[in-house]
Amino acid sequence: HGVADKRQTRLTLAAASVSIPETFAVGTGNVPIPYPLTDDQWVGRPAHHAQGRRLVVGNTADCVRQVNSWGGGYISRLINKVAEYRVMVVQGRAVWVAKKTPGNPNDVAWNVARGGRFDNVPWAEWPLRVVKEAIKANDTMGTDFSGVDVMVDAEGTPYVLELNSAPSQTSPYRQACVAKAFKWIIDKNTKATIPLMTERGGYRKFAHPAVVADAVV
């Protein structure tokens, strides 16, 4: 229920210093949060949304006006992304990483529902800054597992967009990875977070031991 409210998720992540696009709440019913009235490009979304639906791009005033018509939500500064990933996190460790390939790269939302696809990323090619930020987001929200969407700008900076409590598992590979992680939980009789080690370890440092045999634990 917590991650379904995308507005509150953004605010919670920001308070924990997770890297997100600059975000402001709209229509909370509380004391208004000041947001800059600029002609820069912003993205407006309702608090609850899915599959790239109900999204507006424009200046601050136009976005706020549309978001209020949806009953409230948030606006965030538009970032020109060059890549976007989904990281499946279980027990604070990554079990798979997929790169989003959009149907139209000019779209703001790169969703399968809008003609895009997920391409599985091999372990050795995991973008570690993305994976690290996804795990931090998952741990901040206190979810046992989630599919974390993270975009990357031209400078390589990752920005967490949202957490999905029921992420797509259409790929047999991704299904197998999640099944192994859930079996680990059953066999070990614990769903406790597996902490990250401080030493270097490449992808092994962030990987769930159920899917990478020599993961650092």
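Look a little higher up for the structure.
Every value quoted in this text rests on a predicted model; they were computed, and no experiment measured them.

Rules behind the numbers
Residues numbered from 1 in each chain as written. Predicted model: local features only at pLDDT ≥ 70, side-chain atom pairs only at ≥ 80, totals over all residues. Heavy atoms only, no water. Phe/Tyr/Trp six-rings, centres within 6.5 Å; stacked < 30°, edge-to-face > 60°. Helix = DSSP H or I, 4+ residues; strand = E, 2+ residues; numbered from the N terminus. Buried < 20%, exposed > 50% of the residue type's maximum accessible area, 1.4 Å probe, protein only. Contact = heavy atoms within 4.5 Å. Lys, Arg positive; Asp, Glu negative; His and termini not counted. Salt bridge = Lys/Arg side-chain N within 4 Å of Asp/Glu carboxyl O. Polar contact = N/O pair within 3.5 Å; in protein donor to acceptor, adjacent residues only side chain to side chain.

Peer 1: Quick question: what am I supposed to make of the packing of aromatic side chains here?
Peer 2: For any pair of aromatic rings, the description rests on two quantities: the centre-to-centre distance and the angle between the ring planes. With the rule as written, the count across this model stands at 4 aromatic pairs. Seen in terms of ring centroids, Phe24 and Trp42 are 5.8 Å apart; in terms of plane orientation they differ by 55°. Their pairing is tilted. On the criterion of sequence distance, the pair formed by Phe24 in strand β1 (residues 23–26) and Trp42 in strand β2 (residues 42–46) is long-range, its members being 18 residues apart. Here Phe24 matches Trp42 in class, with each residue buried. A connected cluster of aromatic rings, assembled from ring pairs, spans Trp123, Trp126 and Tyr203.

Peer 1: Hey, could you run me through the environment of Asp139 in this one?
Peer 2: Looking at where Asp139 falls in the secondary structure, it is placed in helix α3 (residues 128–141). Classification of Asp139 by relative accessible area gives partly exposed; the value is 36%. As a C-alpha pair, Asp139 and Gly92 span 47 residues in sequence and 6.2 Å in three-dimensional space. Here Asp139 is in contact with Gly92 and Thr193, once residues within four sequence places are set aside.

Peer 1: Please clarify how the side chain of Asp153 should be interpreted in this entry.
Peer 2: Mapped onto the secondary structure, Asp153 falls in strand β8 (residues 145–153). We note that Asp153 is buried and unpaired, the nearest opposite charge coming from Arg129 at a distance of 6.9 Å. There is a polar contact of 2.9 Å between the side chain of Asp153 and the backbone nitrogen of Glu155.

Peer 1: Mind showing me how you'd approach the side chain of Arg174 here?
Peer 2: Mapped onto the fold, Arg174 is located in helix α4 (residues 172–188). We note that Arg174 is buried and unpaired, the nearest opposite charge coming from Asp119 at a distance of 7.3 Å. Apart from the residues lying within four places of it in its own chain, the contact partners of Arg174 are Trp96, Ala98, Phe118, Asn120, Ser168 and Gln169.

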